[in-house]
Amino acid sequence: MNAWHKLPITEAASLLATDVEQGLSVNEAKNRLARYGQNKLRKGKRFSALVIFASQFKSLVIWVLIGAAAVSAALGETVDGIAIIAIVILNAIIGFLQEYRAEKAAAALSRLTAPHCRVVRGGHSLVVTAIEIVPGDILLLEGGDLVAADARLIQTSVLRINEAPLTGESQAVGKSTDRLPQETPLAERNNMVFLGTSVTGGSGRALVVNTGMETELGHIATLLDTAESGETPLQRQLERAGRLLLMACFGIVTLIFGLGLLRGIAPFELFLSSVSLAVAAIPEGLPAVVTIALALGVQRMVRRHALVRRLASVETLGRAQVICTDKTGTLTMGEMTARKLITSASLYRITGEGYATEGAFFSGNVESLPSESPELLALLRASVACNDAELALINNRPAVIGDPTEGALLVVAAKGGITRGVFETEMPRLATVPFDSDRKRMTVIRSRESCSWAFVKGAPEVILSRCTLIRTDQGVRELTENDRNRMIQANALMAHDALRVLAVAERPLDGFSFEEGVAVNDREIEQELTFLGLVGLQDPPRFEAKEAVVKCKRAGIKTVMITGDHPDTARAIGHELGILGKGDEVLVGAELDRLDDEALKQRVAQVSVYARVTAEHKLRIVRAWKALGAVVAMTGDGVNDAPAIKEASIGIAMGRTGTEVTKEAADMIVTDDNFASIVAAVEEGRGIYDNIAKTLAYLLGSSTGELIVMLIAVLLGWPLPLLPLHLLWINLVTDGFAALALSTDPIDPDVLSRPPRHSQSALLNRNLFKLTLFTGLLAASVTLGVFAYELYIIGNSLDHARDAAFTALVITGLLRSFGARSEQRTLWQIGLFSNLRLFLVVVVSFALQLAIHHIPMLQTLFQIEPVSLHQCVAWIGVGFIPLIVLELRKVIRRLRTKKN
Ligand code: ATP
């Protein structure tokens, strides 16, 4: 293994056959990917069809059935044996299809959420997924990036890396490109960056030396277990419930077996029936149903711009009680237009729309030419000087590459005839202190001839407090208290109009020198500034956000806006979007600092808008809500937001503006940065939970029905109304298909009109228990009624009576599935065709039921005869009874709650 930290960069590059400027060619990168393999730690659990199929035979129930088939065959009941095996195989096929689909959905999702990074290939910088990185690639690093492979640094600019995942060192370490002795320990290899670490600040360029399992993290990957347990709380809850049900079933089945023996039922018949009943009563299909409901729901979420990174978060999402959201770009369009400029003497109104550079400056009603106003010109020039954005044409439309706030400044400067290109040549950039939400300002240092200048922009109060001078038409003079107050007032007025306001300043820097790669002492530079003016930017609220806020309110979810903007801007937007209602408070970061955790906990429920806050405040807000026991979602985009996102019950990262570190910390990524998509995800989350709950209720209702039928028959000393094959058929085929269709039911349009589910409320609750018992009793009454009528009243043969009971039970179950789609809404309200899949399943199951009556081989197997149309209609009619009663129950319950 090479000691890359020891080698000079040129030697390392030639060993890896790459060019540090141009990078690898795109073709060579492709070849190397084939040679070195994907850049990932684990080979990954590749799902193979065979493994999934084999896993269908892991359950105890299946082996009990296979055992029963063997016993049947040994006792000479070959037909029974073969039929049981056929059903076992059919069941395995259904299970396989379900799981295969779920696995494919999960795999597609993990591809979508893979981290991205920037590399240079063929002389161009491009974004690729981290798994495509190969040795010899040139990585570009900046604050918020995840380091995607082990790499030797070629260039650094105040690069700082958080190496905690690798070395445990929580302080970020500074990096350089200097060569180091061979024996330098890992933690001190400052000219290297390693997979799994992240960039906390600065920027750099690095040559990838190792990828995947060859990296330092790869070497210890076997020791680490970063993979979380794949089970979600809901799945765990179901598993626990499953064990309980298993014991209950075992008890009841044993009871039936014992009673049956006393009643003198033939032991073999009783044995097979008991085994079949046990199989029928245990909802072994549930885990698969949960997986598929989650996986398919998550796929639906992708279509609604929400990428869920952990399946468990889907359930948490559905329970969200508070959503704390950023403002800019999430609640607002994030498309800025400068509307007002204020200098020491004048207020200018600016015309023009969006990012198009046509527009004029008006002072009162008179058009002003910037070239005639030196102070306006200075303001515009500084806005361009302190700027990282670029204007471009995308699809023939003017657009901004970079921060929209800065883009808007470029646009207004262009309206005044000042472009960025001229600046770059006239005054080359020496250094930058980047914008960050905590500092709320940004500085760029540029040189002209022998002198250097600092251009600073940021939140007005932050900038004003660092200004001692002001530029006027007559030149620079001292900034008086009066000037300061005027500007603070002008700022408040613009903020009140929902404008985002930036102040711009400059400073000639005599006696400072700047070296490339050496951090600028921002405190020293950003003082004694000359105030140039204020810029008011308009960022209209998103139309969908307003609607989404209303939806949240109806759903009992509190929307909280958290922004770095001025409280007046925040208040205006908050009002416009309906977030700030009567009695709601606005809390400013500085005030929040004065509250201790306990005091914040007391206040947090009243506050709907936080202004001028930092990432640290976000963390405190999340903690305060959690201390109140709330399920809280928090959005974020910057590196600093990662702790708050991690701490939140549901951390949400912005897909477009979010850094890789934030995305890595998040449970969910919103790909279009839109608040409405977060609400859509909550809706889906609730829908998925509902689907799981209704499928569970449906399956338990069926099993209970079968148990009651058999129990009562044995108690009454009747012959068994259902044959083992009948039970298996109902459970594994007809019910199984219907359950599958239920688990992927379209979302109830009313999911967002109820309050969030309580976090402690279990899936198996008293309500479900009552419903299950009621449904079971209904289904059993119908089945036993039909059986007794055929056998004892009409005096038909036992086979015929069994057939009637069997078919009635099947039809009862199939019809009941339509009503099972909602616990509140009646079939009338839901509509018969709103889940076409379910409709088809019922039709096909019905056809299958007819088929076993009319295909001779199946007739013998199921011991049934062809049915007449008359009988068929009669059974369907009877089958409707449970559905109708259950629908009536909904109506009565609704009337009762209305009365209360
Ligand atoms: P959020 O995105 O969390 O809703 P925000 O975007 O409204 O917050 P920040 O981006 O933290 O808030 O900005 C806070 C303040 O910093 C703004 O009101 C503005 O005055 C100033 N500001 C914003 N962007 C820049 C920038 N690129 N350069 C300098 N100052 C900026």
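Details of the structure are given in the entry above.
Residues numbered from 1 in each chain as written. Predicted model: local features only at pLDDT ≥ 70, side-chain atom pairs only at ≥ 80, totals over all residues. Heavy atoms only, no water.

## Comments concerning the environment of Ser-274
Residue placement: Ser-274 occurs in helix 9 (residues 267–281). Among the residues examined, Ser-274 registers a relative accessible area of 8% and is labelled buried. When the C-alpha atoms of Ser-274 and Phe-514 are compared, they prove to be 86 Å apart, with 240 residues separating the residues in sequence. Excluding residues within four positions of it along the chain, Ser-274 makes contact with Val-253 and Phe-257. (Helix = DSSP H or I, 4+ residues; strand = E, 2+ residues; numbered from the N terminus. Buried < 20%, exposed > 50% of the residue type's maximum accessible area, 1.4 Å probe, protein only. Contact = heavy atoms within 4.5 Å.)

## Observations regarding empty space enclosed by the protein
Counted by the stated rule, this structure contains 2 cavities of 30 Å³ or more. For the largest cavity, the calculated volume is near 60 Å³. In terms of lining, the largest cavity is formed by Gly-701, Ser-702, Glu-706, Ile-730, Asp-735, Ala-779, Leu-809, Gly-813 and Arg-816. In this structure, the second largest cavity encloses a volume near 50 Å³. In this structure, the second largest cavity is lined by Thr-807, Ile-811, Phe-846, Gln-849, Leu-850, His-853, Val-867, Cys-872 and Trp-875. Mapped by element, the contributors of at least two residues to the lining of the second largest cavity are helix 28 (798–819), helix 30 (836–854) and helix 32 (869–899). Per element, the largest residue contribution to the lining of the second largest cavity is 4 residues, and it comes from helix 30. The class makeup of the residues in the lining of the second largest cavity is 6 nonpolar, 3 polar and no charged. (1 Å grid on protein atoms, 1.4 Å probe; cavity = no way out; pocket = protein on both sides within 12 Å on 5 of 7 lines; lining within 4 Å. Points joined across faces, edges and corners; volume = space filled by probe spheres on them. Nonpolar A, V, L, I, M, F, W, Y, C, P; charged D, E, K, R; others polar.)

## Let's talk about the side chain of Glu-790
Within the fold, Glu-790 resides in helix 27 (residues 766–794). Despite its burial, Glu-790 pairs with no opposite charge; the closest candidate is Arg-802, at 13 Å N-O. Within the structure, the side chain of Glu-790 is placed 3.5 Å from the side chain of His-800, a separation counted as a polar contact. Residues within four places of Glu-790 in sequence aside, it is in contact with Gly-795, Asn-796, His-800, Ala-801, Ala-804 and Trp-875. (Lys, Arg positive; Asp, Glu negative; His and termini not counted. Salt bridge = Lys/Arg side-chain N within 4 Å of Asp/Glu carboxyl O. Polar contact = N/O pair within 3.5 Å; in protein donor to acceptor, adjacent residues only side chain to side chain.)

## Some words on the site of the ligand
Taken together, 19 residues are adjacent to the ligand, and Lys-327, Thr-328, Val-501, Thr-563 and Asp-565 come closest. Between the ligand and Asp-403 there is a distance of 2.9 Å, counted from a nitrogen atom to a side-chain nitrogen or oxygen. One of the side-chain nitrogen or oxygen atoms of Lys-457 is found 3.1 Å away from a nitrogen atom of the ligand. Compared with its free state, where it exposes 620 Å², the ligand has 93% of that area covered by protein. Elements with a contribution of two residues or more to the shell around the ligand: helix 13 (404–415), strand 18 (451–458) and strand 21 (500–509). Broken down by element, the residue count for the shell around the ligand peaks at 3 residues, all from strand 21. Of the residues belonging to the shell around the ligand, the class tally is 5 nonpolar, 6 polar and 8 charged. (Near = heavy atom within 4 Å. Areas by Shrake-Rupley, 256 points an atom, 1.4 Å probe, with all protein chains shown as cover.)

## Considering the pairing of strand 22 (residues 529–538)
Most of strand 22 sits out of view: 9 of its 10 residues are buried. With 3 bridges joining them, strand 19 (residues 467–472) and strand 22 adopt parallel strand pairing. Bridge assignment links Leu-469 to a residue of strand 22, and that residue is Thr-530. Where strand 21 meets strand 22, 7 bridges bridge the pair, whose relative direction is antiparallel. Residue Glu-506 lies in a different strand from strand 22, and its bridge partner there is Thr-530. (Pairing = 2+ DSSP bridges.)

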